[in-house]
Amino acid sequence: MKDILNALRFNFILVKPYLRYYLLGFVVVFFFKIMGSEIDAVSFMLFMLLSTHLYPFQLEEKNDLYRLYGIAPIKRSVLIFGRYLFIVVISLIDWLLAMMMEYAFSKSTIIISDYLISSLFIFSIFLILTAFEIPGLYKLGVIKGRWIVYVPLVLMFIIVFLADAFQILESAMHWITANFWLVPTVTIIVLSLSISLSVRIFNQKEF
Amino acid sequence: MSDAINVKNISKIYPGFTLKDITFDLPKGYIMGFIGPNGAGKTTTIKLILNMIQRDGGTVEVFGLENIAHDAEIKEQTGVVFDNHYFVDEWTLNDINRVMALFFSNWQSSIYQKKLEQYQLNPVKKVKELSKGMRLKLMLAVAFSHDAKLLILDEPTSGLDPVARDELLDTLAEFIQDGEHSVLFSTHITSDLEKVADYITFINDGRLIYTGIKDEFIDSFRLVKGGKEDLTPDVKAHLIGYREYGSGFEGIMYTEYANYFPNLLSEKSSIDNIIVFTYKGTNGL
């Protein structure tokens, strides 16, 4: 566990050069919120979230950090666990900040419990979709596999669009709300499968 | 005398290149020069030792431990210097201290700080602001700060000025003094090896040409010279590689054969000449 936490801390040190862009992103979201441009704020937030996932992969490839991994006394699987944990933590930070911002700027009364459940649902869906992208990034690298990052976003929009078009969006939402325990369960299962696939890909990689 | 590295019959197959049956032992307390022309397979061999790539055959032991099963244990005690650094350009030298402390259980920040001071490296500088020589010193500082018993250097001196190269050689000589530390030093600047190496392993085109004591290696070859008329088919058959020029030729021959041709001028060869002529001979140049 200590090694995994070290790998997590390593990811935060790794993305340090991008920290200023990350903070600047929040200023932009804040600005959109003040201007009342809700769609721009949400879109930019999603874009930021997806870009943040890319940072460690980008830096790894740009600086040929595989050589560092090759000489460091750390298991490859630990590096993978650290990366997933980093993505979960950074997504959690973004989610919390987004929630706080939403709460601060909300014009109508918010029922906290409803709000928590719906945003937790979105967060879980986002993690599930992210779980599909990470093995792809390990397999193809960030230059060849950049497009994979945007697949979750496109998928999310397609699913919502189709559900809406076939008029099942509302009933689907009701069903999910009634069976809310399914969401974290599916998230954990999908993430576990994704981790195991990434470990397999990374173990075969030649540095 | 125990060994720091035992490599036995390792092979690696790539499309268009095969590293085949490389075998050598590096005894503890010595420096081994690992030589060969570009593309000979030196970096591939080093990566196989470090378990950075998967081998297709053979075995590797470091400190008597099988290198795949004991990967982390071996790497705790192994310092590596590549031809280029393995850090993020934007990191400061202080960031590297924090990163290495996460990876190496025996990392000693105080030694790292001392080494930076000794090498006159400013800890708040970014990696991208360092010169080639300073980056080499940084990698050495990292290697020494986790108490590496084995140092593996892959072409560290290419692009370094003679002063920086000389400093590195002094550092290596000091490193092995206690008889417990060892160095595997891959380079094609062979004059460096003539100064510090005790052993030589020479590979060419993925094949092992020689492994053993450096002086025996140098003594086993002779640089022979002669006029055009001296380059008979018999002489050609005994030359490992040669070069013809206007008034005659020069080439490399095993010492035992050089005695068969008393008419040829025979002299001690440099390691450089051995590599160059072996390469020419192998490639029909």
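### Some words on the overall build of chain B
For chain B, the count of helices and strands is 11 helices and 14 strands. For 285 residues, the compact-globule estimate of 2.2 N^0.38 gives 19 Å, and the C-alpha radius of gyration of chain B, at 21 Å, lies within 12% of that figure. Overall, chain B is about 65 × 40 × 40 Å in size when its C-alpha atoms are taken along their principal axes. When contacts within chain B are restricted to residue pairs at least 6 apart in sequence, those whose partners lie at least 24 apart make up 71%.

### Observations regarding the pairing of strand 7 (residues 150–154) of chain B
Side-chain direction in a regular strand flips from residue to residue, so the side chains alternate between the two faces of the sheet. Residues and elements named next belong to chain B. Of all the 5 residues making up strand 7, 5 are buried; the element is thus mostly covered by neighbouring parts of the structure. Every second residue of strand 7 is oriented toward a common face, with Leu150, Ile152 and Asp154 on one face and Leu151 and Leu153 on the other, all of them buried. One ladder, built from 5 bridges, connects strand 7 with strand 8 (residues 182–186); its direction is parallel. Among the inter-strand pairings, Leu153 is bridged to a residue of strand 8, identified as Phe185. Handedness of the crossover joining strand 7 and strand 8 through helix 6 (residues 162–175): right-handed.

### Considerations on helix 5 (residues 76–105) of chain A
Here helix 5 of chain A spans 43 Å end to end across 30 residues, near enough to the 44 Å set by a 1.5 Å rise per residue. Taken as a whole, helix 5 of chain A has its buried residues at Leu79, Ile80, Phe81, Gly82, Arg83, Tyr84, Phe86, Ile87, Asp94 and Ala98 of chain A.

### Concerning the nonpolar core
Residues Met32, Ile49, Ile152 and Phe185 of chain B are the most contacted members of the largest nonpolar core, which totals 103 residues. The residue makeup of this core includes at least three contributed by each of domain 1 (3–217) and domain 2 (220–282) of chain B. Excluding residues that lie within four positions of it along the chain, Met32 of chain B makes contacts with Leu26, Val183, Leu184, Phe185, Ala197, Tyr199 and Thr201 of chain B. Membership of the second largest hydrophobic core comes to 5 residues, among which are Ala41, Met45, Leu49 and Ala98 of chain A.

### Some points on the environment of Phe277 of chain B
Residues and elements named next belong to chain B. Among the secondary structure elements, Phe277 is positioned in helix 11 (residues 271–282). Residue classification places Phe277 among the buried residues on the basis of 24 C-beta atoms within 10 Å. It is 4.4 Å that separates the C-alpha atoms of Phe277 and Gly241, two residues lying 36 residues apart in sequence. Not counting residues within four places of it along the chain, the set of residues in contact with Phe277 comprises Ile240, Gly241, Tyr242, Gly251 and Ile252.

### Remarks on the domain arrangement of chain B
All names here are of chain B. If you check the domain split of chain B, you get domain 1 (3–217) and domain 2 (220–282). On a C-alpha basis, the centres of domain 1 and domain 2 stand 33 Å from each other. Each side of the interface is counted separately: domain 1 has 11 residues, and domain 2 has 7 residues. Secondary structure elements with two or more residues in the side of domain 1 that touches domain 2: helix 7 (190–196) and helix 8 (214–219). Tallying contributions element by element places helix 7 first for the side of domain 1 that touches domain 2, with 3 residues. Of the residues in the side of domain 1 that touches domain 2, the class split is 5 nonpolar, 3 polar and 3 charged.

### Description of the interface of chain A and chain B
Listed as interface residues are 21 residues of chain A and, on the opposing side, 21 residues of chain B. The set of elements that each furnish at least two residues to the side of chain A that touches chain B consists of helix 1 (2–14) and helix 4 (66–71) of chain A. Looking at the side of chain A that touches chain B element by element, the count peaks at 5 residues for helix 1 of chain A. When its residues are assigned to classes, the side of chain A that touches chain B shows 12 nonpolar, 3 polar and 6 charged.

### Overview of the sheet that holds strand 14 (residues 265–268) of chain B
Residue and element names in this part refer to chain B. One open sheet accounts for 4 strands, arranged 12-13-11-14; its pairing is antiparallel. Of all the strands in the sheet, the pair left with one neighbour each is strand 12 (239–245) and strand 14. Each neighbouring strand pair of the sheet contributes to a mean axis angle of 20 degrees, computed without reference to strand direction. Both strand 11 (residues 221–227) and strand 14 contribute to a ladder of 4 bridges, which runs antiparallel. Each bridged residue has a counterpart across the sheet, and for Arg222 the counterpart in strand 14 is Lys268.

### Quick look at the confidence of the model for chain B
Residues of chain B with pLDDT of at least 70 account for 98%, and the chain-wide mean is 91. Predicted complex metrics record ipTM = 0.82 and pTM = 0.83.

### A closer look at the sheet that holds strand 10 (residues 207–213) of chain B
Residues and elements named next belong to chain B. Taking strand neighbours across the sheet as the criterion, the 6 strands line up as 6-7-8-3-9-10 in an open arrangement whose pairing is mixed. Either end of the sheet is taken by a strand with one partner, and the two such strands are strand 6 (78–81) and strand 10. Strand after strand, the sheet turns through a mean of 15 degrees between neighbouring axes, direction not considered. Taken together, the 6 bridges between strand 9 (residues 199–204) and strand 10 define a ladder with antiparallel strand orientation.

### Observations concerning helix 3 (residues 93–103) of chain B
Along an α-helix, a turn takes 3.6 residues, which lines up residues three or four apart on a common side. Those residues of helix 3 of chain B that sit buried are Leu93, Asp95, Ile96, Val99, Met100, Leu102 and Phe103 of chain B. Seen along its axis, helix 3 of chain B keeps its buried residues to an arc of 160 degrees; they face one direction. Packed against the buried residues of helix 3 of chain B are helix 1 of chain A together with helix 4 (109–118) and helix 5 (132–145) of chain B.

### Some thoughts on the environment of Leu197 of chain A
Among the structural elements, Leu197 of chain A can be located in helix 8 (residues 182–204). The spatial distance from the C-alpha of Leu197 of chain A to the C-alpha of Lys139 of chain A is 9.9 Å, given a sequence separation of 58 residues.

### Comments concerning the packing of helix 1 of chain A against helix 5 of chain A
Residues and elements named next belong to chain A. It is the contact of helix 1 with helix 5, at a shortest axis distance of 8 Å, that shows an interaxial angle of 60 degrees. On the basis of the axis angle, helix 1 is oblique to helix 5. Between helix 1 and helix 5 lies a crossing whose hand is right-handed. Contacts from Asp3, Ile4, Ala7, Leu8, Phe10, Asn11 and Phe12 in helix 1 reach Val78, Leu79, Phe81, Gly82, Arg83, Leu85, Phe86 and Val89 in helix 5. Of the residues that constitute the contact of helix 1 with helix 5, the class distribution is 11 nonpolar, 2 polar and 2 charged.

### A look at the pairing of strand 12 of chain B
Residue and element names in this part refer to chain B. Summarising the sheet, strand 12 and strand 13 (residues 248–254) pair through 6 bridges and their orientation is antiparallel. Residue pairing for strand 13: Tyr242 is matched across the bridge by Gly251. Hairpin connection from strand 12 to strand 13: 2 residues lie between these consecutive antiparallel strands.

Basis of the calculations
Residues numbered from 1 in each chain as written. Chains lettered and ligands numbered in written order. Predicted model: local features only at pLDDT ≥ 70, side-chain atom pairs only at ≥ 80, totals over all residues. Helix = DSSP H or I, 4+ residues; strand = E, 2+ residues; numbered from the N terminus. Rg over C-alpha atoms; globule rule 2.2 N^0.38 Å. Contact = placed C-beta atoms within 7 Å. Buried ≥ 20, exposed ≤ 12 C-beta atoms within 10 Å, placed from the backbone. Pairing = 2+ DSSP bridges. Right-handed = clockwise from strand over helix to strand, strands pointing away. Expected span 1.5 Å × (residues − 1). Core = buried A, V, L, I, M, F, W, Y, C linked by C-beta atoms within 7 Å. Domains from an automatic or database assignment. Nonpolar A, V, L, I, M, F, W, Y, C, P; charged D, E, K, R; others polar. Axes fitted to C-alpha atoms, helices over the stretch in contact; angles between N-to-C directions. pLDDT = per-residue confidence, 0-100. Arc of directions from axis to C-beta. Parallel < 35°, antiparallel > 145°, perpendicular 65-115°, else oblique. Left-handed = near helix turned anticlockwise from the far one by under 90°.

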